[in-house]
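Summary of the model geometry
The lines below spell out each chain.
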Amino acid sequence: MDACGFIVVDSIRLEYQRWAGAQTAKPPIMLIHEALGSVSIWRDFPAALAQRTGHEVIAWSRQGHGGSGRPAGPRSSDYLAQEAALVPQVMDAFSVPKAHLFGHSDGATMAILAGALFPERVASLILEAPHVNVEQKALDGIGVARQAYETTDLAKKLKRHHQDVEHVFWSWHDVWLSSSFRDWNIEECLAGIKMPVLAIQGVQDEYFSMAQVDLIVANTPYTQRLEIENCGHSPHRDQLEVVLQATVVFLASQ
C-alpha cells in the first residue's frame, strides 16, 4: 500500500487505498467491491495486482462500508445504479481521467453500469461474478448467508472490516429479498458496453450461475469469458493465480 486516506464524494467521506504500479503512463485499475466488501476485504489482492500488471490499483469502500460514511437515508432498490453514477466523481477525486474497472459481484454490476453510462471514462471491464438480473439461486444464497450471520461467527468476522456491520449486512439482505427488487434487470444496459470485457465466473459460485456470463457474452461485442473450476463466488480469493494471470494477459492485449 502506497497511500491511504479519505476522499469526499456526494458529501460523504469514503476511505481509500492506492498501490503504485511500475507503468505510470497506463490507466489505473479501480476496484469496486462486493455487497459485503470494503477496502480491507480485498486483503493482499490489490498489491499483487499492481505488482503483476504494473498498473496502479485504487480501491475504496463504498458508502456505509468499511470506514466510509453512510448516506442519509436507507438503501433503495436502485442502489446499484446510484453507486455506479458516483464512479466518475470517485475518479475525479483521484484525478483519473480513464480507468480499468475491476468489479466483484455487486461491484461487477456497478462496473457494467458505469461502463454503459460513462464509456469515455472506462478503458475496460474486468468482472468477477457479475449479475444483470435476479436469480433464485442468489436469493437462496442470501438466505443461507442470513442463517450464517445469525448463528455463526460471520458477523464477528465482518465487523473487522466495517464500522457498522449491521447496516452493511441488513441493507444488502433486505433490498435483495424485497418484492420491489425481484424484477431488477439491467440486460438492456449491455448494449452500451463497447470496451473490452473479461468476465470471470467460478463454476461453484454460491449465488449466481453461468447464465449471467452467457448474457454478457451474447450482448457485448468484445467479451472474453473465464470459467474457473474449484472456485466459488470470490475467484480472486479461491483461484488467485488464475485471476492474476488472466488479468495480466487481458490488459496486455489492449
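What comes next is a walk through the structure. (Residues numbered from 1 in each chain as written. Predicted model: local features only at pLDDT ≥ 70, side-chain atom pairs only at ≥ 80, totals over all residues. Heavy atoms only, no water.)

Structural notes on helix 7 (residues 165-176)
In an α-helix, one turn spans 3.6 residues; hence positions three or four apart end up facing the same way. Between its terminal C-alpha atoms helix 7 stretches 17 Å, which fits the 16 Å expected from twelve residues at 1.5 Å a residue. Most of helix 7 sits out of view: nine of its twelve residues are buried. Taken together, the buried positions of helix 7 are occupied by Val165, His167, Val168, Phe169, Ser171, Trp172, His173, Val175 and Trp176. Buried residues along helix 7 sit against helix 2 (79-85), helix 4 (106-117), helix 5 (136-151) and helix 6 (154-159). (Helix = DSSP H or I, 4+ residues; strand = E, 2+ residues; numbered from the N terminus. Expected span 1.5 Å × (residues − 1). Buried < 20%, exposed > 50% of the residue type's maximum accessible area, 1.4 Å probe, protein only. Contact = heavy atoms within 4.5 Å.)

Details of the side chain of Gln212
Among the structural elements, Gln212 can be located in helix 8 (residues 211-219). For Gln212, the contacting residues outside a window of four places in its chain are Pro130, His131, Val132, Asn133 and Glu135.

Some details on the side chain of Ser38
Along the chain, Ser38 turns up in the loop between strand 3 (29-32) and helix 1 (45-53). Taking the relative accessible area as the measure of exposure, Ser38 reaches 0% and is therefore buried. There is a polar contact of 3.4 Å between the side chain of Ser38 and the backbone oxygen of His161. Once residues within four sequence positions are removed from consideration, Ser38 is found in contact with His33, Ser61, Gly66, His161 and His162. (Polar contact = N/O pair within 3.5 Å; in protein donor to acceptor, adjacent residues only side chain to side chain.)

Describing unusual backbone geometry
The backbone phi angle of Ser95 is positive, close to 55°, even though this residue is not glycine. Mapped onto the elements, Ser95 comes out in the loop between helix 3 (87-93) and strand 5 (99-104). Among the residues examined, Ser95 registers a relative accessible area of 64% and is labelled exposed. The phi dihedral of Ala129 falls on the positive side, at around 50°, and the residue is not glycine. Looking at the element boundaries, Ala129 is found in the loop between strand 6 (122-128) and helix 5.

Focus on the pattern of salt bridges
If you walk through the whole model with that rule in mind, you get nine salt bridges. The partner of Glu241 in a salt bridge is Arg52, and the shortest N-O contact between them spans 2.8 Å. One end of the pair, Glu241, is in helix 10 (residues 240-252); the other, Arg52, is in helix 1, and 189 residues separate them in sequence. On the accessibility criterion, Glu241 (46% relative accessible area) is partly exposed. Arg52 sits in the partly exposed class, given a relative accessible area of 30%. Among the charged side chains, a network of salt bridges with common partners joins Asp214, Arg225 and Glu227. (Salt bridge = Lys/Arg side-chain N within 4 Å of Asp/Glu carboxyl O.)

Examining helix 10
Between its first and last C-alpha, helix 10 extends 18 Å over 13 residues, near the 18 Å set by a 1.5 Å rise per residue. What helix 10 keeps buried is the set Val243, Leu244, Ala246, Thr247, Phe250 and Leu251. Angularly, the buried residues of helix 10 cover 165° about the axis, an arc narrow enough to put them on a single face. (Arc of directions from axis to C-beta.)

Topic: the sheet that holds strand 2 (residues 12-19)
Strand order in the open sheet made by the eight strands is 1-2-4-3-5-6-7-8, with mixed pairing throughout. Sheet topology places strand 1 (3-9) and strand 8 (223-228) at the edges, where each strand pairs with a single neighbour. With direction set aside, neighbouring strand axes in the sheet form an average angle of 20°. Here strand 3 pairs with strand 5 via four bridges, running parallel. The residue bridging Met30 from the neighbouring strand is Leu101, located in strand 5. Sitting on the sheet, helix 4 touches strand 3, strand 5 and strand 6, and the angle it makes with strand 6 is about 155°. (Pairing = 2+ DSSP bridges. Axes fitted to C-alpha atoms, helices over the stretch in contact; angles between N-to-C directions.)

Regarding the pairing of strand 4 (residues 57-60)
Because side chains alternate across strand 4, one face comprises the buried residues Val57 and Ala59, and the other comprises Ile58 and Trp60, equally buried. Here strand 2 runs beside strand 4; their pairing, made up of four bridges, is antiparallel. Following the sheet pairing, Tyr16 is matched in strand 4 by Trp60. Pairing analysis gives three bridges linking strand 3 to strand 4, with the strands arranged parallel. Note on strand 4: the bridge partner recorded for Leu31 is Ala59. With respect to chirality, the unit in which strand 3 leads through helix 1 into the neighbouring parallel strand 4 is right-handed. (Right-handed = clockwise from strand over helix to strand, strands pointing away.)

Some remarks on the nonpolar core
One finds Met30, Leu101, Leu125, Trp172 and Trp176 to be the most contacted residues of the largest nonpolar core, which totals 56 residues. Those residues in contact with Met30, other than ones at most four positions away along the chain, are Ile58, Trp60, Val90, Met91, Phe94, Val96, Ala99, His100, Leu101 and Phe102. (Core = buried A, V, L, I, M, F, W, Y, C linked by side-chain atoms within 4.5 Å.)

Shape is all these values report; function is a separate question.
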